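Summary of the model geometry
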Amino acid sequence: MSVERVDELEDDEREAVTTAAATTEALRYYSVAPGVRLNVRRGPGTNYAVIRILPEGARVPIFCQTPGTWVAGPYGTSNIWDNIDDGEFVSDSYVNTGSDGYIRPRCS
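Residues numbered from 1 in each chain as written. Predicted model: local features only at pLDDT ≥ 70, side-chain atom pairs only at ≥ 80, totals over all residues. Heavy atoms only, no water.

Another aspect to go through is the overall build of the chain. Tallying secondary structure elements over the chain gives 2 helices and 8 strands in all. Ordered by position from the N terminus, the helices and strands of the chain form the series α-α-β-β-β-β-β-β-β-β. Looking at the chain alone, contacts between residues at least 24 apart form 46% of all its contacts between residues at least 6 apart. Surface accessibility of the chain: about 6800 Å² in total, with carbon and sulfur atoms responsible for 48%. (Helix = DSSP H or I, 4+ residues; strand = E, 2+ residues; numbered from the N terminus. Contact = heavy atoms within 4.5 Å. Areas by Shrake-Rupley, 256 points an atom, 1.4 Å probe, with all protein chains shown as cover.)

Okay, structure coming up:
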């Protein structure tokens, strides 16, 4: 987008462009544990249906986190679940976030 185009935007359009740019810049991807094919579930717990399986070597964005079922994995035992897409969750105990706690905002 050229600078001239930004100047032509209305205030709400300029705000939307700025917000989208900030969101894109802040997005970080985290590695799934080596050698693991990780179940992606419809909600934050093992009682939710598996909707797909991530391949070995996958990296995931974390938009928000929420408590759910306790799971033991390569990175400890945790009840934190990572929201990686709309309606898609993985156990944080399989994602290398570098922390045992919350690293993103709680899901609303």
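Here the focus is the pairing of strand β6 (residues 76-85). Among the 10 residues of β6, 7 are classified as buried, and the element is accordingly described as predominantly covered. Bridge analysis of strand β5 (residues 64-73) against β6 gives 7 bridges, and the strand direction is antiparallel. The residue of β6 that forms the bridge with V71 is S78. Between β5 and β6, which pair antiparallel in sequence order, lie 2 residues. With 4 bridges connecting them, β6 and strand β7 (residues 88-91) associate as antiparallel partners. Across the sheet, residue W81 finds its bridge partner in β7, namely S91. Connecting the antiparallel pair β6 and β7 is a turn made up of 2 residues, with G87 showing a positive phi of about 70°. (Buried < 20%, exposed > 50% of the residue type's maximum accessible area, 1.4 Å probe, protein only. Pairing = 2+ DSSP bridges.)

Attention now moves to the sheet that holds strand β4 (residues 59-61). Within the open sheet, the 3 strands sit side by side as β4-β1-β8. Their pairing is antiparallel. Since the sheet does not close on itself, it has two edges, and those belong to β4 and β8 (95-96), each with one partner. In this sheet, β4 lies alongside strand β1 (residues 29-32) in antiparallel orientation, the contact comprising 3 bridges. Bridge pairing in β4 places Y30 opposite V60.

On to the pattern of salt bridges, then. For the coordinates displayed, the defined rule picks out 1 salt bridge. Between E88 and R52 there is a salt bridge whose closest N-O contact spans 2.6 Å. Of this pair, E88 sits in strand β7 while R52 sits in strand β3 (residues 50-54); the two residues are 36 residues apart in sequence, bridging distant segments of the chain. (Salt bridge = Lys/Arg side-chain N within 4 Å of Asp/Glu carboxyl O.)

Time to look at the confidence of the model for the chain. Low-pLDDT stretches of the model should not have their predicted coordinates read in fine detail. Averaged over every residue, the pLDDT of the chain is 85; the share at 70 or more is 77%. Overall, residues 11-23 carries pLDDT values under 50, and its contacts beyond four positions in sequence, including any with other chains, amount to 5 contacts. (pLDDT = per-residue confidence, 0-100.)

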